[in-house]
Amino acid sequence: MTKWLEHHLPKLVLAPSFIAVLIFVYGFIAWTAWVSLTRSRLLPKYDIHGFIQYDRLFASLRWDVAMNNLFLFGTLFIVISMVLGLILAILLDQNIRTEGAIRTIYLYPMALSMIVTGTAWKWILNPGLGIEATVRGWGFENFKFDWLVNPDMAIYTIVIAAIWQSSGFVMALFLAGLRSVDTEIIRAAQVDGIPTWRVYTAIIIPSMAPIFLSAFIVLSHLAIKSFDLVIALTGGGPGFASDLPATYMYAMAFSRGDIGQAASSAMIMMAVVFTIVVPYLYSELRVKND
Amino acid sequence: MTDLAISPARNQNRTSKIVLRWILYLILGIFVIFYLMPLFVMVSTSLKSLEEIRTGDLVSLPREVTFDAWITAWSSACTGIRCEGVRPFFWNSVMIAVPAVLISTLIGALNGYVVAQWRFRGANLFFAAMLFGCFIPFQVVLLPMARLLGLMGIAGTIPGLIFVHVIYGLGFTTLFFRNYYVSIPSELTKAAKIDGAGFLRIFWSIFLPLSLPIIVVTVIWQFTQIWNDFLFGVSFSQAGTQPITVALNNIVNSTTGVKEYNVDMATAIIAALPTLLVYVIAGKYFIRGLTAGSVKG
């Protein structure tokens, strides 16, 4: 008996987690997928009615705004964070004496809750008392910076706050990458008289391709999941001008009582993550198993 | 002795180098200001009186430092109808985070140990299934989880939130420990087995003593994630059990009475303080957790 136990103990230790993952990840995804095919409103129903929820979703103006915002926000957030992160990493890699302190300052926003970040930026961008009022107070009477309450611009305030929060992290990723490039090759290039910027564009940056991929995966994942920041900064407003799929889903699930819409929008979010993450995970796991 | 006669070309080269260096530091300095500005504004606003906030500007230092806003934030600010400050919610967050971090780290360590050292058929499949769970948008499990917590009778309670955080933290904790234990040679386990040590004995006396760095990384990662969580907190709590992030959002968005920006900022700093402190004390481990899994090797 003890021998049997000893032999099977590793499996027994894994079993609860395995069951938990099966139920709470895969089972729950299946539940949501199922409900997204029903006519559920306030309470879930379980008779399948085809894709009516998805038809409603794609016909909804609010969802349309949310998806467009996700695309706009995601693109700007990912591109600017990567460019900024790369530039900062290269600048910091020039034997800066106070590198440790500067790095700590660039990265600390990543330790904050998005709700804290949103609260801080909401105050800074407040048209009545924030930057706008401050710059006016300096004598520029006509200065206007009302993005937070302007339906056309509100989504860009989320871009600003998100970049502030995450670009330092991208910088840290790239800095680690720069440090792992073979110094022999760089020295050889310098001996040959190749200018520094060419060394970067032709040797160092191409060799960091895997890090670009990782940064892209992490940032796109952050973008799709962005929920707290929108809630704290704009609340999805004015109106629903700065809604993202995550806030749409939450509004349907908990304030509108429309479970069918909540489930179908969650499934679309899932599909977006899927198309980005699964090929990446697959290639990662395959490389590691070889 | 050509050194004595510095050629003009070389001299010029040197000046341009110094100028470049100054530009470099200038750019880095501008970004230091960019990243620090919101924190500075938060702290300085929290130390001003409302009177001064209305008349002064955003980036000025307080003329008269007052801690009133901090006291209000801690013990009498209103979240909705209750006006007890943020204190009870701070303790809610502590009571959620501490058990959830400990349990998920312990289970993750055991899981990682099995996956890395006791390979059996299906162990890799298990790991892949688990890893995938790290990446799902949690919106996709929100509805069934709300129902399940209701069925289990722990909806809106602190144990319910602990449960949710443990479940969805397991993917990352397992990943961290697995990647760490995989680098420990399996000969060690084999030798110990020959000496008659069992599964738990090997874990307890060989692996655990080697694990301090990865335990620190995991605990910091989990603590930051759980303390900063908002989605689960707002979905699965009720009036008395909300974590601090939810309370902060309620205070900032409460529409009753005069808008007290200084109290908002003090509350935000209180909410940020624990994770900020962890970052300042153990930044190295924090960064390692962030980059684990995203940088190959």
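The rules behind the values
Note on numbering: residues in each chain are counted from 1, in written sequence order. To read the labels, note that chains go from A and ligands from 1, taken in the order they are written. The predicted nature of this model means local features are confined to residues of pLDDT at least 70 and side-chain atom pairs, given and counted, to a pLDDT of 80 or more, with totals for whole chains, interfaces and linings taken over all residues. Helix numbers and strand numbers start at the N terminus; a helix is a DSSP run of H or I with at least 4 residues, a strand a run of E with at least 2. C-alpha atoms define the radius of gyration, and 2.2 Å times the number of residues to the power 0.38 defines the globule rule. Partly exposed residues are those whose C-beta has more than 12 but fewer than 20 other C-beta atoms within 10 Å; 20 or more makes a residue buried and 12 or fewer makes it exposed, with C-beta atoms placed from the backbone. Residues are treated as contacting if the C-beta atoms built from their backbones sit within 7 Å of each other. Amino acid classes used here: Ala, Val, Leu, Ile, Met, Phe, Trp, Tyr, Cys and Pro are nonpolar; Asp, Glu, Lys and Arg are charged; the rest, including Gly, are polar. For each domain, the first and last residues come from an automatic or database assignment. We define a nonpolar core as a collection of buried residues of the types Ala, Val, Leu, Ile, Met, Phe, Trp, Tyr and Cys that are connected via C-beta atoms lying within 7 Å of each other. An axis is simply a line fitted to the C-alpha atoms; with a helix, the fit covers only the stretch in contact. Between two such axes, the angle follows the N-to-C directions and lies from 0 to 180 degrees. Reported orientations rely on four angle classes, namely roughly parallel under 35 degrees, roughly antiparallel over 145, roughly perpendicular from 65 to 115, and oblique for the rest. Here a crossing is taken to be left-handed if its near helix is turned anticlockwise relative to the far helix by less than a right angle, and right-handed if that turn runs clockwise. A helix is expected to reach a length of 1.5 Å times the quantity of its residues less one. On a range of 0 to 100, pLDDT expresses the predictor's confidence in each residue.

Engineer: Before we move on, could you go through the overall build of chain A and cite the residues and values that matter?
Structural biologist: For chain A, the helix and strand inventory stands at 13 helices and zero strands. Taking 290 residues into account, the globule formula puts the C-alpha radius of gyration at 19 Å, and chain A, at 24 Å, lies well above it. Its C-alpha atoms give chain A principal-axis dimensions of about 75 × 70 × 35 Å. Looking at the 290 residues of chain A, the share that counts as buried comes to 41%.

Engineer: Requested: an account of the overall build of chain B, with residues and values cited.
Structural biologist: Scanning chain B for helices and strands turns up 13 helices and zero strands. Starting at the N terminus and ending at the C terminus, chain B contains elements arranged as α-α-α-α-α-α-α-α-α-α-α-α-α. The C-alpha atoms of chain B give 26 Å as radius of gyration, which overshoots the globular expectation for 297 residues (19 Å, by more than 25%). Along the first, second and third principal axes, the C-alpha atoms of chain B reach 80 × 70 × 30 Å. When each of the 297 residues of chain B is scored for burial, the buried share is 44%. Taking the intrachain contacts of chain B between residues at least 6 apart in sequence as the baseline, contacts between residues at least 24 apart amount to 75%.

Engineer: So, the interface of chain A and chain B: which residues are in play, and what are the values?
Structural biologist: On the chain B side, the residues contacting the 78 residues of chain A number 68 residues. A total of 17 residues in the side of chain A that touches chain B trace back to one element, the largest contributor, which is helix α1 (residues 2-35) of chain A. Taken together, the residues of the side of chain A that touches chain B sort by class into 62 nonpolar, 12 polar and four charged.

Engineer: Account for the environment of A:Leu233, with residues named and values stated.
Structural biologist: Residues and elements named next belong to chain A. With respect to the helices and strands, the residue Leu233 is situated in helix α11 (residues 228-233). Along the primary structure Leu233 and Arg179 are separated by 54 residues, whereas in three dimensions their C-alpha atoms are 36 Å apart. Not counting residues within four places of it along the chain, the set of residues in contact with Leu233 comprises Gly118, Trp121, Lys122, Thr157, Ile158 and Ala161.

Engineer: So what's going on with the domain arrangement of chain B? Residues and values would help.
Structural biologist: Residue and element names in this part refer to chain B. For chain B, the assigned domains read domain 1 (2-66) and domain 2 (87-291). Relative placement of domain 1 and domain 2: their C-alpha centres are 37 Å apart. Counting from both sides, the interface comprises seven residues of domain 1 and, opposite them, seven residues of domain 2. Mapped onto the side of domain 1 that touches domain 2, the elements with two or more residues apiece are α1 (8-46) and α2 (50-55).

Engineer: Tell me about the nonpolar core, residues and numbers included.
Structural biologist: A general feature of soluble globular proteins is that nonpolar side chains tend to end up buried together. Counting residues in hydrophobic clusters, the biggest one holds 163 residues, and the most contacted among them are A:Phe174, A:Met249, B:Tyr113 and B:Ala268. In terms of residue count, helix α7 (residues 154-180) of chain A provides more of this core than any other element does, 15 residues in total. Counting the residues that make up this core, at least three belong to each of domain 1 (2-66) and domain 2 (87-291) of chain B. Other than its neighbours up to four places away in sequence, B:Ala268 contacts A:Val116, A:Thr119, A:Ala120, B:Met42 and B:Leu248.

Engineer: Pulling in residues and values, what's your account of the packing of helix α4 (residues 87-117) of chain B against helix α10 (residues 212-228) of chain B?
Structural biologist: All names here are of chain B. As a packed pair, α4 and α10 sit with axes 9 Å apart at the nearest point and diverge in direction by 140 degrees. It follows from the interaxial angle that α4 and α10 lie oblique. For α4 against α10, the interelement crossing comes out right-handed. Packed against α4, whose contacting residues are Ser93, Ile96, Ala97, Ala100, Val101, Ser104, Thr105 and Gly108, the element α10 presents Ile215, Thr218, Val219, Gln222, Phe223, Ile226 and Trp227 at the interface.

Engineer: I'd like a description of helix α10 (residues 209-225) of chain A, backed by residues and values.
Structural biologist: Side chains three or four residues apart in an α-helix point the same way, a direct result of the helix having 3.6 residues per turn. Between the first and last C-alpha of α10(A) there are 25 Å, a value that for 17 residues agrees with the 24 Å anticipated at 1.5 Å per step. Of the positions making up α10(A), those classed as buried are A:Ile211, A:Ser214, A:Ala215, A:Val218, A:Leu219, A:Ala223, A:Ile224 and A:Lys225.

Engineer: Please give an account of unusual backbone geometry that cites residues and values.
Structural biologist: Residues and elements named next belong to chain A. Despite not being glycine, Asn95 has its phi angle at roughly 55 degrees, a positive value. Residue position: Asn95 is located in the loop between α3 (61-92) and α4 (99-107). The class of Asn95 is exposed, set by 7 C-beta atoms lying within 10 Å.

Engineer: Now, about the confidence of the model for chain B: what can you tell me, with residues and values included?
Structural biologist: Residues and elements named next belong to chain B. For chain B, per-residue confidence averages 87 on the pLDDT scale, and residues scoring 70 or more make up 94% of the total. Ignoring residues within four places in sequence, the model shows residues 1-6, a span with pLDDT below 50, making one contact including any to other chains. Taken together, the chains of this predicted complex give a pTM of 0.90 and an interface ipTM of 0.88.

Engineer: Which residues make up the environment of B:Lys48, and what values go with them?
Structural biologist: All names here are of chain B. In this structure, Lys48 sits in the loop between α1 and α2. Measuring from C-alpha to C-alpha, the distance between Lys48 and Thr66 comes to 6.0 Å, with 18 residues separating the pair along the chain. Those residues in contact with Lys48, other than ones at most four positions away along the chain, are Ile53, Gly56, Pro62 and Asn262.

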